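The chain contents come next:
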Amino acid sequence: MTNINIGNKIRELRKKKGITQEALASVLSVSPQAVSKWESGLTYPDMEMIPVIAGYFEVSLDMLFEYDVREMKAKIKKIIDDAWEYFFENTPKYIELMKDALQEYPGNEELLTELLSAYEYEMRNKNNMSHSNEMIELSQKIITESSDFIHVCDAKGIQAEVYRKMGDYQKAKAVIETLPRDFSIRDSASASILSGKDKLNGAILSRCHHLQCLYQACMKEGDAWFTMEKYNETFYDGTTPDEYIPEALKCYQKGLRVLTTFLLDDLYDEPSDQYLWPGMQTFHWTFHQCIAACHKKLGNMEECEKSIAEAYRLISVVWKDFEENKDQYMKYFNQYLRDYDLAEYMK
């Protein structure tokens, strides 16, 4: 364990401040002999005296104890890195090494998380349930004490899986319901751990989330290439400004393919009923506007006008109340046209 050199640090801080042991003793209302014993390492200050000393010298407790958190984290990282070779091939050995490390660094979150992950691997791949109770305790400790969002979510997922395998489905479901909806974490866990209708609902919602993330990523990547056309620079892979717009076009076309792959046109006759959620409609016609903008930049005016026409056809049919609220819908439609340098096609 990292050595605690509080006596050395008190002596260093005292000399830096230019005061004697007697003067320090007077300030702290202790005997000069007590200060001398601290500095020689024979005794330590009482616990209630520690904050007073730190406050007097205007230093943090970590600095007073010479407790280097970065050094500790580096040592723990090395322990984990050195042990990693055993994680898959000899998981019990990895578990043993993590437990040994926890003897030296009790309660360390990184080590607790690694130990829980190793237990989970044994349970998942070897159906080893011998550590079930310890896994519940470990996961609960991480859930209640950790400020790391990822660690907490992972611990909840593992805890739910343990409960399910132990036959307590309702507890497993209750744990999953405490996961956030953001990033599809709860839905993904439901799809992976639960069963029946709960599993199906989780899988459907998770698919929707990941689909949305994917075509939005294609849109954003396309936008990045499209706007970079304004800058005279070479990209990291050697791409030059002359190639930026073709790259943007590829991204927009990929995003459109992703979106249309999951349209429900085999099930519904009405165009407005083809989408998994309302936001898909907007991206559908916007992709066509983006593709039109690229064709315009490339001088392909016939393709540009075809894409604009398709974008307008879509917005006019995918919203059931389009005619009643045409002005509102067209406000956004025309704004996107302006954003992508297509103002001459405003309707």
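Our subject is the structure that appears above.
Nothing here was measured: the structure is a model prediction, and the numbers come from that model. (Residues numbered from 1 in each chain as written. Predicted model: local features only at pLDDT ≥ 70, side-chain atom pairs only at ≥ 80, totals over all residues. Heavy atoms only, no water.)

(A) Expanded view of the overall build of the protein. When its secondary structure is counted, the protein shows 17 helices and zero strands. Projected onto the principal axes, the alpha-carbon positions of the protein cover approximately 95 × 55 × 40 Å. Residue pairs in contact within the protein that sit at least 24 positions apart in sequence constitute 54% of those at least 6 positions apart. Within the structure as shown, the protein displays about 19,700 Å² of accessible surface, and the carbon and sulfur contribution to it stands at 51%. (Helix = DSSP H or I, 4+ residues; strand = E, 2+ residues; numbered from the N terminus. Contact = heavy atoms within 4.5 Å. Areas by Shrake-Rupley, 256 points an atom, 1.4 Å probe, with all protein chains shown as cover.)

(B) Summary view of helix H16 (residues 301-317). Across its 17 residues, H16 extends 25 Å between first and last C-alpha, which sits within 8% of the 24 Å expected from 1.5 Å per residue. Restricting attention to buried positions, one finds in H16 the residues Cys304, Ser307, Ile308, Ala311, Leu314 and Ile315. Seen from one end, H16 has its buried residues packed into an arc of 125°, which puts them on one side. Turning to H16, the residues buried within the fold contact helix H15 (279-298) and helix H17 (326-339). (Expected span 1.5 Å × (residues − 1). Buried < 20%, exposed > 50% of the residue type's maximum accessible area, 1.4 Å probe, protein only. Arc of directions from axis to C-beta.)

(C) Molecular detail of helix H12 (residues 185-193). By the burial criterion, the buried members of H12 are Asp187, Ala189, Ser190, Ala191 and Ile193. Elements in contact with the buried residues of H12: helix H10 (149-165), helix H11 (169-176) and helix H13 (196-228).

(D) Examining the pattern of salt bridges more closely. A full pass over the atoms with the stated rule returns 17 salt bridges. Close ionic contact of arginine 313 with glutamate 310 constitutes a salt bridge, the shortest N to O distance being 2.9 Å. Placement of the pair is arginine 313 and glutamate 310 together in helix H16, with a separation of three residues, close to one helical turn. Arginine 313 gets classed as partly exposed once you look at its relative accessible area, which sits at 41%. Beyond isolated ion pairs, a larger network of salt bridges with shared partners links Glu302, Glu303 and Lys306. (Salt bridge = Lys/Arg side-chain N within 4 Å of Asp/Glu carboxyl O.)

(E) Just the nonpolar core, in detail. Tyr215, Tyr252 and Leu342 are the most contacted members of the largest nonpolar core, which totals 43 residues. Elements with a minimum of two residues in this core: H13, helix H14 (241-261), H15, H16 and H17. Judged by nonpolar contacts, the second largest core, of 37 residues, contains Ala101, Leu179, Ala189 and Ile193. (Core = buried A, V, L, I, M, F, W, Y, C linked by side-chain atoms within 4.5 Å.)

(F) The arrangement of the packing of aromatic side chains in detail. On inspection of all chains with the given rule, the structure shows 20 aromatic pairs. Note on phenylalanine 226 and tyrosine 340: the rings are 5.9 Å apart at their centroids and 70° apart in plane angle, and the pair reads as edge-to-face. Here tyrosine 340 lies in the segment after H17 and phenylalanine 226 lies in helix H13, a separation of 114 residues in the sequence. Take phenylalanine 226 and tyrosine 340: they sit in the same class, and that class is buried. On the basis of an interplanar angle of 80° and a centroid distance of 6.4 Å, the ring pair of tyrosine 312 and phenylalanine 322 is categorised as edge-to-face. Residue tyrosine 312 is found in helix H16, and its partner phenylalanine 322 is found in the loop between H16 and H17; the two are separated by ten residues along the sequence. Note on tyrosine 312: relative accessible area 22%, which makes it partly exposed. What links up through ring pairs into an aromatic cluster is the set Trp285, Tyr312, Trp319, Phe322, Tyr329, Phe333 and Tyr336. (Phe/Tyr/Trp six-rings, centres within 6.5 Å; stacked < 30°, edge-to-face > 60°.)

(G) Highlighting the environment of cysteine 251. By the secondary structure assignment, cysteine 251 is in helix H14. Residue classification places cysteine 251 among the buried positions, given a relative accessible area of 6%. Here the alpha-carbon distance between cysteine 251 and proline 271, two residues 20 residues apart in the chain, equals 25 Å. Sequence-distant contacts of cysteine 251, defined by excluding residues within four places in its chain, comprise Cys218, Glu221, Gly222 and Trp225.

(H) Up close: the packing of helix H2 (residues 21-28) against helix H3 (residues 32-40). Relative orientation of the contacting elements H2 and H3 amounts to 110°, with a least axis distance of 8 Å. Classified by the angle their axes make, H2 and H3 are roughly perpendicular. Both H2 and H3 take part in a crossing whose hand is right-handed. Across from Gln21, Glu22, Leu24, Ala25 and Leu28 in H2, the residues of H3 making contact are Pro32, Val35, Ser36, Trp38 and Glu39. Residues of the contact of H2 with H3, tallied by class, amount to six nonpolar, two polar and two charged. (Axes fitted to C-alpha atoms, helices over the stretch in contact; angles between N-to-C directions. Parallel < 35°, antiparallel > 145°, perpendicular 65-115°, else oblique. Left-handed = near helix turned anticlockwise from the far one by under 90°. Nonpolar A, V, L, I, M, F, W, Y, C, P; charged D, E, K, R; others polar.)

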